[in-house]
Amino acid sequence: MAEQPVIQTRQLTKSYGRHRGIEDVTFDVTRGEVFGFLGPNGAGKTTTIRLLMDLIRPTAGAAWIFGLDVRAQGLEVRRRVGYLPGELRLYEGMRSEDLLRYLGHLRGGVGWAEVKRLADRLGADLDRRIGELSSGNKQKVGLIQALMHRPDLLILDEPTAGLDPLIQHEIHALLSEAVADGRSVFLSSHILPEVEALCHRVGIIREGRLVAVEEIDALKARALRRLEIQFATAVPPAAFANLAGVQDVSTQDSVVRCTVVGSLDAVIKAAARFEVVNVVSHEPGLEEIFLAYYGGTDAP
Amino acid sequence: MLRNTFLKTLRDRRRSLLWWALGLVGLVAITVGFWPAIEESGQELNRLVEDLPPALQSLAGGDLDLTSPAGYLNGRVFAFLAPILFLVFGIAFGSRTVAGEEQAGTLELVLARPVPRWRIVAEKFAALAVATGFLGAVLWASLALGAAPVGLDIGSSALAAATLMVVLLGLVFGALALFIGSLTGKRGLALGLTTTVAVAMYLLDLYASISEAVEPFRGLSPFYYYDAAVPLRNGVDPLHAAFLVVVTVFLAGFSLVAFERRDVGV
Ligand SMILES: Nc1ncnc2c1ncn2[C@@H]1O[C@H](COP(=O)(O)OP(=O)(O)OP(=O)(O)O)[C@@H](O)[C@H]1O
Ligand SMILES: [Mg+2]
């Protein structure tokens, strides 16, 4: 029998009055995986996550976590989930330690050793008043409160947004540890490298609709890659026409630019017939990934 | 102080409570301090009030003899100042504790814990009740202690009755602010609407005391049940007190239900 998914949504839909939130979002997250929820601003990532946390209620559809209905059995769900909001707002007047103790008590008490361990691990000073902390240090407090009860599932809304690369890296390392420990993670992001670095699978959401759920490797394979090849001498444009997966070829004297879907094999072999000076390949960004899924094909 | 939302909410207000308490003690000090002077020049003052139009008489404390201890305390404290202070305190507390924290976003992490929403609101209401009660106790104690040395002869049970009614009045409007905040999540709305309702209710009671046309609607106003003069003379009217308690409990109950049902933080 198939294992119970950690998160399950079916036709999850939320409209804010006349405004679109999300529509018909259906996906599963399996146990032990890191699932990335990728989408541009306003796509519906936060909406989906707040529905899972039962902070807002769906217009239609339903969601389950550990097989429990997030509406009817939300208490049990929240016992086993750690949550980091996208816009973290902490009681500014409290010291970090006091806030964490309060939030711990609301869980019926958590082991303080784990809080200490996390604080040491992240280099967070819990004596400071939260109002005095930088946004990076606030985010550390946010992560500690999400992780301190060793939850089975972490739901993190853009955990590294707006933080410098050093702290981003620390957070990634911490999450990798949590995964190695057997926890599942659902995180939203609009940064592809972050998702690449952490996630096994990715759901892509755009304008409220889930447009794809893919293994991270498959996603990259489908991505458009922009390629720029410089030759020693001018090359005939015809040499790069009609190659498998190669589009938008433009030739300018000795430089050829094109867009490639998936494997670079055909274009590299075509180029090898001439003297190549330099090849510049741009790693596919979020835009390129989106282009792969919408690229002109279903444009009106 | 951080074991639950009830204690946490009180802890958040500890400084503000201290200032409020000091303010009340100050009000009491000024009031009892002037008593000896008033007692002497009493008759003239009474004649002055008798010449006032009825509406202003009721503002000054109704039909009580202003130079009697009960009349003096009523006019100086319980007819106007104390109700205003307790209203302001209750409304500010009630509107900020749920709607204010929701708008600030700080409630999000609290609601992500395994605690039912109704329970958060219930504990916050309990904190409101205890904080208002605490201020009532401060008012009572400082009056009881301050009155005797200056010969302001009033029984501590009459004082207790009057302060109890002020506390209940503050709680009615605090609970209304809590309810509007829990229903809408908008602190400004809770603050503004409750204040408007309070002013309207005060005016209703005032006009009802001078106009026969408005008189039948007097029972709609909490201020009628508050009826400042009576507790100082006769003690608490159980029916009046019960009415304020019932309204408060209903509003608190509605708050729990309203908050349970809706989207938070949108
Ligand atoms: N409270 C609200 N009222 C009205 N519309 C809303 C509300 N919250 C979100 N929306 C709309 O729902 C859509 C999805 O928003 P959401 O916040 O879920 O996006 P997101 O993917 O989290 O974006 P971001 O990357 O900017 O955080 C947006 O079009 C937004 O305008
Ligand atoms: Mg968001």
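Parameters and conventions
Residues numbered from 1 in each chain as written. Chains lettered and ligands numbered in written order. Predicted model: local features only at pLDDT ≥ 70, side-chain atom pairs only at ≥ 80, totals over all residues. Heavy atoms only, no water. Helix = DSSP H or I, 4+ residues; strand = E, 2+ residues; numbered from the N terminus. Rg over C-alpha atoms; globule rule 2.2 N^0.38 Å. Buried < 20%, exposed > 50% of the residue type's maximum accessible area, 1.4 Å probe, protein only. Contact = heavy atoms within 4.5 Å. Areas by Shrake-Rupley, 256 points an atom, 1.4 Å probe, with all protein chains shown as cover. Lys, Arg positive; Asp, Glu negative; His and termini not counted. Charge placed at Lys NZ, Arg CZ, Asp CG, Glu CD. Phe/Tyr/Trp six-rings, centres within 6.5 Å; stacked < 30°, edge-to-face > 60°. Domains from an automatic or database assignment. Salt bridge = Lys/Arg side-chain N within 4 Å of Asp/Glu carboxyl O. Pairing = 2+ DSSP bridges. Axes fitted to C-alpha atoms, helices over the stretch in contact; angles between N-to-C directions. Parallel < 35°, antiparallel > 145°, perpendicular 65-115°, else oblique. Nonpolar A, V, L, I, M, F, W, Y, C, P; charged D, E, K, R; others polar. Buried area = accessible area lost by both parts, 1.4 Å probe.

Engineer: I keep staring at the overall build of chain B and nothing clicks. Help me out?
Structural biologist: Of the regular secondary structure elements, chain B holds 13 helices and 0 strands. When its helices and strands are written in sequence order, chain B yields α-α-α-α-α-α-α-α-α-α-α-α-α. For a compact globule of 266 residues, the expected C-alpha radius of gyration is about 18 Å, and chain B comes in at 20 Å, within 12% of that figure. For chain B, the spread of C-alpha atoms along the principal axes amounts to about 65 × 45 × 30 Å. Within chain B, the fraction of its 266 residues that count as buried is 50%. Taking the intrachain contacts of chain B between residues at least 6 apart in sequence as the baseline, contacts between residues at least 24 apart amount to 76%. When the accessible surface of chain B is split by element, carbon and sulfur atoms take 67% of a total near 11,700 Å². Between the averaged position of the 19 positive side-chain charges in chain B and that of its 20 negative side-chain charges there is a distance of 18 Å.

Engineer: Would you explain the packing of aromatic side chains in this entry?
Structural biologist: Ring pairs (aromatic) are described by centroid distance and by the angle formed between their planes. Summed over all chains, the structure comprises 18 aromatic pairs over all chains. Taking 5.7 Å as the distance between ring centres and 5 degrees as the angle between the ring planes, the aromatic pair formed by Phe35(A) and Phe186(A) counts as stacked. Remark: Phe186(A) occurs in strand 8 (residues 184–189) and Phe35(A) occurs in strand 3 (residues 34–38); sequence separation between them is 151 residues. By relative accessible area, Phe186(A) is classed as buried at 0%. A ring pair is formed by Trp35(B) and Tyr72(B), whose centres lie 5.0 Å apart and whose planes are at 45 degrees; its orientation type is tilted. One end of the pair, Trp35(B), is in helix 2 (residues 14–40); the other, Tyr72(B), is in helix 5 (residues 69–78), with 37 residues separating them in the sequence. Given the relative accessible area of 1%, Trp35(B) is considered buried. Tyr72(B) sits in the buried class, given a relative accessible area of 2%. Following the ring pairs from residue to residue traces out a cluster consisting of Phe27(A), Phe35(A), Phe37(A) and Phe186(A).

Engineer: Mind showing me how you'd approach the environment of Gly136(B) here?
Structural biologist: Residue and element names in this part refer to chain B. Looking at the element boundaries, glycine 136 is found in helix 8 (residues 117–147). With relative accessibility at 5%, the residue glycine 136 sits in the buried group. The residues touching glycine 136, leaving out its near neighbours within four places in the chain, are Phe86, Thr163 and Val167.

Engineer: How should I be thinking about the domain arrangement of chain A in this particular structure?
Structural biologist: Interfaces are often described in size by the accessible area the parts lose on coming together. According to the domain assignment, chain A consists of domain 1 (7–217) and domain 2 (224–283). Each of domain 1 of chain A and domain 2 of chain A has a C-alpha centre, and these two points are 42 Å apart.

Engineer: What exactly am I supposed to notice about the side chain of Asp157(A) here?
Structural biologist: Residues and elements named next belong to chain A. If you trace the backbone, aspartate 157 turns up in strand 7 (residues 153–157). In this structure aspartate 157 is buried but unpaired, with lysine 45 as the nearest side chain of opposite charge at 6.5 Å. Those residues in contact with aspartate 157 that lie beyond four places of it in its chain are Thr46, Ile49, Leu84, Pro85, Gly86 and Ser188.

Engineer: It is not clear to me how the pattern of salt bridges should be interpreted in this structure. Could you clarify?
Structural biologist: Should the charged atoms of two oppositely charged side chains come close, the side chains can pair. Residues and elements named next belong to chain A. Scanning the entire structure with this criterion turns up 33 salt bridges over all chains. The salt bridge partner of lysine 45 is glutamate 158, with a shortest N-O separation of 3.8 Å. Of the two residues, lysine 45 is situated in helix 1 (residues 45–52) and glutamate 158 in the loop between strand 7 and helix 6 (165–180); the sequence distance between them amounts to 113 residues. By relative accessible area, which is 4% here, lysine 45 ends up buried. The buried category is assigned to glutamate 158, whose relative accessible area is 14%. When the shortest N-O distance is used, the salt bridge between lysine 138 and glutamate 92 registers 3.4 Å. Separated by 46 residues along the polypeptide, lysine 138 in helix 5 (residues 135–147) and glutamate 92 in the loop between strand 6 (81–84) and helix 3 (96–105) bring together distant segments of the chain. Among the charged side chains, a salt-bridge network with shared partners connects Glu114, Arg117, Arg121, Arg150, Glu177, Asp181 and Arg183.

Engineer: Please clarify how the sheet that holds strand 12 (residues 246–252) of chain A should be interpreted in this entry.
Structural biologist: The strands that make up a sheet are held in pairs by hydrogen bonds between backbone atoms, and each pair lies either parallel or antiparallel. Residue and element names in this part refer to chain A. A sheet is described by the order of its strands in space; here 4 strands give the open sequence 12-13-11-14, paired in antiparallel fashion. The open sheet has two free edges, formed respectively by strand 12 and strand 14 (276–282), since each of these has just one partner strand. The mean angle between the axes of side-by-side strands here comes to 15 degrees, regardless of whether they run parallel or antiparallel.

Engineer: I keep staring at the sheet that holds strand 2 (residues 19–29) of chain A and nothing clicks. Help me out?
Structural biologist: All names here are of chain A. The strand order 2-1-4-5 describes an open sheet built from 4 strands, whose pairing is antiparallel. The sheet terminates laterally at strand 2 and strand 5 (68–69), the two strands that pair on one side only. Sheet topology places strand 4 (residues 60–65) next to strand 5; 2 bridges connect them, and they run antiparallel. The residue bridging tryptophan 64 from the neighbouring strand is aspartate 69, located in strand 5. Sheet strands touched by helix 1: strand 1 (7–16), strand 2 and strand 4. Its angle to strand 1, the strand with the most contacts, is close to 115 degrees.

Engineer: So what exactly am I meant to see when it comes to the packing of helix 5 of chain A against helix 6 of chain A here?
Structural biologist: In helix packing, the relevant descriptors are the interaxial angle and the interaxial distance, both defined with respect to the helix axes. Residue and element names in this part refer to chain A. Where helix 5 meets helix 6, the axes come as close as 11 Å, and the angle between the chain directions of the two elements is 5 degrees. For the element pair helix 5 / helix 6, the angle class is roughly parallel. Residues Gly136, Gln139, Lys140, Leu143 and Leu147 of helix 5 form the contact with helix 6, whose participating residues are Ile167, Glu170, Ile171, Leu174 and Ala178. Residues that form the contact of helix 5 with helix 6 fall into these classes: 6 nonpolar, 2 polar and 2 charged.

Engineer: Please clarify how the interface of chain A and chain B should be interpreted in this entry.
Structural biologist: Facing the 27 residues of chain A at the interface are 29 residues of chain B. Across the interface of chain A and chain B, roughly 2,600 Å² is buried in total on both sides, 56% from carbon and sulfur atoms. Together, Tyr91(A), Tyr102(A) and Leu106(A) form the three largest contributors to the area buried by chain A at its contact with chain B, with a combined 25%. On the surface where chain A and chain B come into contact, there are 3 salt bridges. Residue Glu108(B) pairs with Arg50(A) through a salt bridge whose shortest N-O separation is 2.8 Å. For the side of chain A that touches chain B, the secondary-structure elements that each account for two or more residues are strand 1, helix 2 (74–79) and helix 3 of chain A. The greatest single-element share of the side of chain A that touches chain B, amounting to 5 residues, is contributed by helix 3 of chain A. Classifying every residue of the side of chain A that touches chain B gives 15 nonpolar, 2 polar and 10 charged.

Engineer: Honestly, helix 3 of chain A in this entry has me stumped. Any pointers?
Structural biologist: Residues lying three or four places apart along an α-helix face the same way, a consequence of the helix completing one turn every 3.6 residues. Among the 10 residues of helix 3 of chain A, 8 are classified as buried, and the element is accordingly described as predominantly covered. When helix 3 of chain A is considered as a whole, its buried residues turn out to be Ser96(A), Glu97(A), Asp98(A), Leu99(A), Leu100(A), Tyr102(A), Leu103(A) and Gly104(A). Summarising the contacts, the buried residues of helix 3 of chain A are in contact with helix 4 (112–122) and helix 5 of chain A together with helix 1 (5–12) and helix 7 (107–111) of chain B.

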